[in-house]
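# A closer look at the structure
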Amino acid sequence: MAPHRAVTPAFSLCPAGYRSAPPAPTTATAAPPMARLAVGRARAPRVRRSDVLEMALASAQPSSPSPSAPRRRTSTVARGGVTGSGGSGVGSSGRDASAMPIRASAPLYRPGRVVAPAPVPPTFPDEATAAAATDSVDAVEETASAAVAAATTAAALAATATNLQMSIASMAASGPPPLPPGIGVAKPVRTASAELDAKLDLVRAALKSGDTAAAKTTLASVDTDHEALSSGVLRAAGWLHATVDDVEVARSLFTAAVERADSPPSEAAAWAAWALMEQRLGNTATARKCFVNGLRADVGHAPLCQAFAVFEARHGDKVRARDLFSRAAAASRTSPRTWMAWAQFEAAEDNIPVARLLYKTASGVADAGDPGPRLAWARFEGTHRQPDAARELYREVVAADPASAKALHAWATFEGRAGNACRSRQLFRATLAIEGLPPAAAVPTFQAWACMEERAGAPDVAAALLARGAALDGSDPYIWQAWGLLEARRGRPDAARDHFARAVEVAPRNAPSWQAWARLEERLGRTDEARRLFRAATAADGGHAPSWQAWAVMEARLGNAVTARGLFKAAVAADPACAPAWQAWARMEDGVGDTATARSLFQRGVNADPRHIAVWHAWAQMEERVGEWPSGPACSLPGLSPTALPV
């Protein structure tokens, strides 16, 4: 595969400079009348209102040419010879206006109508008397013209309304046309893609309810070999097979989706889905190949660029990640999710002003009823020690929608972490008091409230809140996991074990629940049980680096350095930016006496996350112990190339 070359971003955050149009020059004096006449339009001859009225009445007659009436010409320039965009006299057809034929039209008349001859203007002794008489005649003609126009308009509107009512009544009474004899009611034809999509909806519903067995059974009955299946349906089927661990079937379906794609965006979407599956399985090299193939199919596919950018941000290539975020934002400038993902990346890179600008952009392009970007901006401000700005953003969102459970929940969590327990309780109560609050929103509220109460020193209140949340919706694994962790910290291992078992029962693919249970068994000295649970955690989600790391730490503590080294490799392969995994691996190598390898691993941890203080501290402790603190290569700046990893 050819190496990917970074290209110039599609656009920059800093708007390009622009030139404003120079102001129009002002003249000190007005042009003389003769000059204006010379460059302006010629003065039109005076037209009497009686002539205008006669022409209007004549033009309203049925179409019949008058043999004696003079023919009028209509200028093509007035009909569009001059374009509206500063053109050069070429009409909409692209031909020169001067070369276009001039259409002639003649006044129309009604047969049998007697037309009075034109009146002979009287003579007056002086011009003043003649002007007064002309004005009087003009006023009378204007009044008559207005009366005729009003009467004509009223008659036309009445006729139009009558015709419209008759047409509506006729359509309502007629009904549909009868079918030919022998033909019944036509039934809609369901294509192969529509039938498969209906079955996939059943699979999605089963997975949402946690019934993995039913989802697998339904997928097993799905026939995906039909030649008429679309790329989108095959892609959806592949993703659902990947969800239930049918990886090989999923790969074959993704391959078929790529081959049957009828457009570059469709092919890019298939490659993106395939890449996300490989990323979740920990196959970073394969995932990167899929992403690159998707870019070759459609370099401006916004969802693929965003997913690839998040992948590169997680796996170390920050330059490519920023370029991909720029492409995604240029392709979909009105998508707030793209701007938010880019803002999160810049915040992780400590580019605080840029991240703030991106969050502001995301909030600006979001819909009025979408509080997500502004809430993310508020969390960002709270994380970076701007509590007043965070509160103001939370207040704006709640003022716009007082019944927003998401906003009240986020604000309550922020106040709890800031140490304002009373204010946090008020906001949690307000969240739960929302009328019609679904269990999917109430259960996380009980869990967050319980965590706040435990930090405030009230574990009994926290346990009661978790019990209320579990009773409200027992299919949420996180409420059981949080309850198990609370009971483990309270010194009740049996109750904790029961809650962990319930968590993995309702969500077998939730790796954090397996890991929490395994660590409990490890602390209790049940090594074999802990190893079984760690194996289940990594099987449930191969991309969950903390599960690999916790398992490796246990094996290292038991003296199984070779096994631990393999598990640490799996951890950093799942997430190269996981600084705690690099730190734990370095400490193990330091413990077995390999200082050079430990130093290289500490350097990798610093490169992965320079803000992780624990990596720096552990590295400094090792260098101080081995006596190379004053002159050794300890604590190098991020970005230096470490040595090769141990075999």
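Fair warning: this is a prediction, and the values are worked out from it, not measured in the lab.

### Structural notes on helix H24 (residues 527-540)
Over its 14 residues, H24 extends 20 Å from the first C-alpha to the last, a length consistent with the 20 Å expected when each residue adds 1.5 Å. Listing the buried residues of H24 in full gives Ala 530, Leu 533, Phe 534, Ala 537, Thr 538 and Ala 540. End-on view of H24: buried residues confined to an arc of 155°, all on one side of the axis. When the buried face of H24 is taken as reference, the exposed residues oriented beyond 90 degrees from it are Asp 528 and Ala 539. Contacts from the buried residues of H24 go to helix H23 (511-523) and helix H25 (545-557).

### Looking at the pattern of salt bridges
Counted by the stated rule, this structure contains 32 salt bridges. Across the pair Arg 251 and Glu 278 runs a salt bridge whose closest N-O atoms are separated by 2.7 Å. Of this pair, Arg 251 sits in helix H8 (residues 247-259) while Glu 278 is found in helix H9 (residues 264-280), placing the two residues 27 residues apart along the sequence. Exposure remark for Glu 278: the relative accessible area of 1% places this residue in the buried category. Close ionic contact of Arg 532 with Glu 529 constitutes a salt bridge, the shortest N to O distance being 2.5 Å. Taken together, the residues span about one helical turn, with Arg 532 and Glu 529 both in helix H24 at a distance of three residues. Overall, Arg 532 belongs to the partly exposed group, its relative accessible area being 39%.

### So, helix H12 (residues 318-331)
When the terminal C-alpha atoms of H12 are compared, their 20 Å separation across 14 residues agrees well with the 20 Å that a helix rising 1.5 Å per residue should span. Within the sequence span of H12, burial applies to Arg 320, Ala 321, Asp 323, Leu 324, Phe 325, Ser 326, Arg 327, Ala 328 and Ala 329. Next to the buried residues of H12 lie helix H10 (284-297), helix H11 (302-315) and helix H13 (336-348).

### Digging into the packing of aromatic side chains
Aromatic ring pairs are defined here through the distance separating the ring centres and the angle between the ring planes. Summed over all chains, the structure comprises 20 aromatic pairs. With centroids separated by 4.8 Å and ring planes inclined at 10°, the aromatic side chains of Phe 291 and Phe 308 adopt a geometry described as stacked. You can see Phe 291 sitting in helix H10 and its partner Phe 308 sitting in helix H11, a full 17 residues away along the chain. Both rings, one in Trp 582 and one in Trp 585, keep their centres 6.1 Å apart while their planes meet at 15°; by these two values the pair is stacked. Within this pair, Trp 582 and its partner Trp 585 are both found in helix H27 (residues 579-591), separated by three residues, close to a single helical turn. Summarising the burial analysis for this pair, Trp 582 and Trp 585 share the class buried. In this structure an aromatic cluster arises from ring pairing among Phe 325, Trp 339, Trp 342 and Phe 345. Sitting over the face of the ring of Trp 239, Arg 280 holds its NZ or CZ atom 5.9 Å from the ring centroid. Over the ring of Trp 411 we find Arg 423, and its NZ or CZ is 5.0 Å from the ring centre.

### Topic: the side chain of Thr 431
Tracing the sequence through the fold places Thr 431 in helix H18 (residues 421-432). Overall, Thr 431 belongs to the buried group, its relative accessible area being 1%. Ignoring sequence-local partners within four residues, the contact set of Thr 431 consists of Ala 405, Leu 408, His 409, Leu 437 and Thr 445.

### Notes on the environment of Thr 224
Among the structural elements, Thr 224 can be located in the loop between helix H6 (212-220) and helix H7 (231-243). With 10 residues separating them along the chain, Thr 224 and Leu 234 place their C-alpha atoms 7.3 Å apart.

### A few points about the environment of Ala 297
Relative to the helices and strands, Ala 297 is located in helix H10. Taking the C-alpha atoms as reference points, Ala 297 and Ser 266, 31 residues apart in sequence, are found 9.0 Å from one another.

### Considerations on the packing of helix H17 (residues 405-417) against helix H19 (residues 439-455)
Two elements in contact, H17 and H19, have axes whose closest approach is 10 Å; the angle formed by their N-to-C orientations is 10°. Considered as vectors, H17 and H19 are oriented roughly parallel to each other. The segment H17 lies against H19, with His 409, Thr 413, Gly 416 and Arg 417 engaging Pro 444, Thr 445, Ala 448, Met 452 and Arg 455.

### Quick notes on unusual backbone geometry
Although it is not a glycine, Asp 350 sits at a positive phi angle of roughly 65°. Secondary-structure assignment places Asp 350 in the loop between H13 and helix H14 (352-365). In this structure Asp 350 comes out as partly exposed when scored by relative accessible area, which is 42%. Positive phi values are uncommon outside glycine, yet Arg 385 reaches one of about 60°.

### Topic: the confidence of the model for the chain
With 64% of its residues at a pLDDT of 70 or more, the chain shows a mean pLDDT of 75. Overall, residues 52-125 carries pLDDT values under 50, and its contacts beyond four positions in sequence, including any with other chains, amount to 58 contacts. Per-residue pLDDT stays below 50 along residues 167-190; that stretch engages in four contacts with residues further than four places along the chain or on separate chains.

### Observations concerning the packing of H11 against H12
Two numbers describe how H11 lies on H12: the axes approach to 8 Å, and their chain directions differ by 160°. Between H11 and H12, the angle falls in the class roughly antiparallel. In terms of crossing hand, the pair formed by H11 and H12 is left-handed. Across the interface between the two elements, Ala 302, Cys 305, Gln 306, Phe 308, Ala 309, Val 310, Glu 312 and Ala 313 of H11 pack against Lys 318, Arg 320, Ala 321, Leu 324, Phe 325, Arg 327, Ala 328 and Ala 331 of H12.

Rules used throughout
Residues numbered from 1 in each chain as written. Predicted model: local features only at pLDDT ≥ 70, side-chain atom pairs only at ≥ 80, totals over all residues. Heavy atoms only, no water. Helix = DSSP H or I, 4+ residues; strand = E, 2+ residues; numbered from the N terminus. Expected span 1.5 Å × (residues − 1). Buried < 20%, exposed > 50% of the residue type's maximum accessible area, 1.4 Å probe, protein only. Arc of directions from axis to C-beta. Contact = heavy atoms within 4.5 Å. Salt bridge = Lys/Arg side-chain N within 4 Å of Asp/Glu carboxyl O. Phe/Tyr/Trp six-rings, centres within 6.5 Å; stacked < 30°, edge-to-face > 60°. Lys NZ or Arg CZ within 6 Å of the ring centre and 35° of its normal. Axes fitted to C-alpha atoms, helices over the stretch in contact; angles between N-to-C directions. Parallel < 35°, antiparallel > 145°, perpendicular 65-115°, else oblique. pLDDT = per-residue confidence, 0-100. Left-handed = near helix turned anticlockwise from the far one by under 90°.

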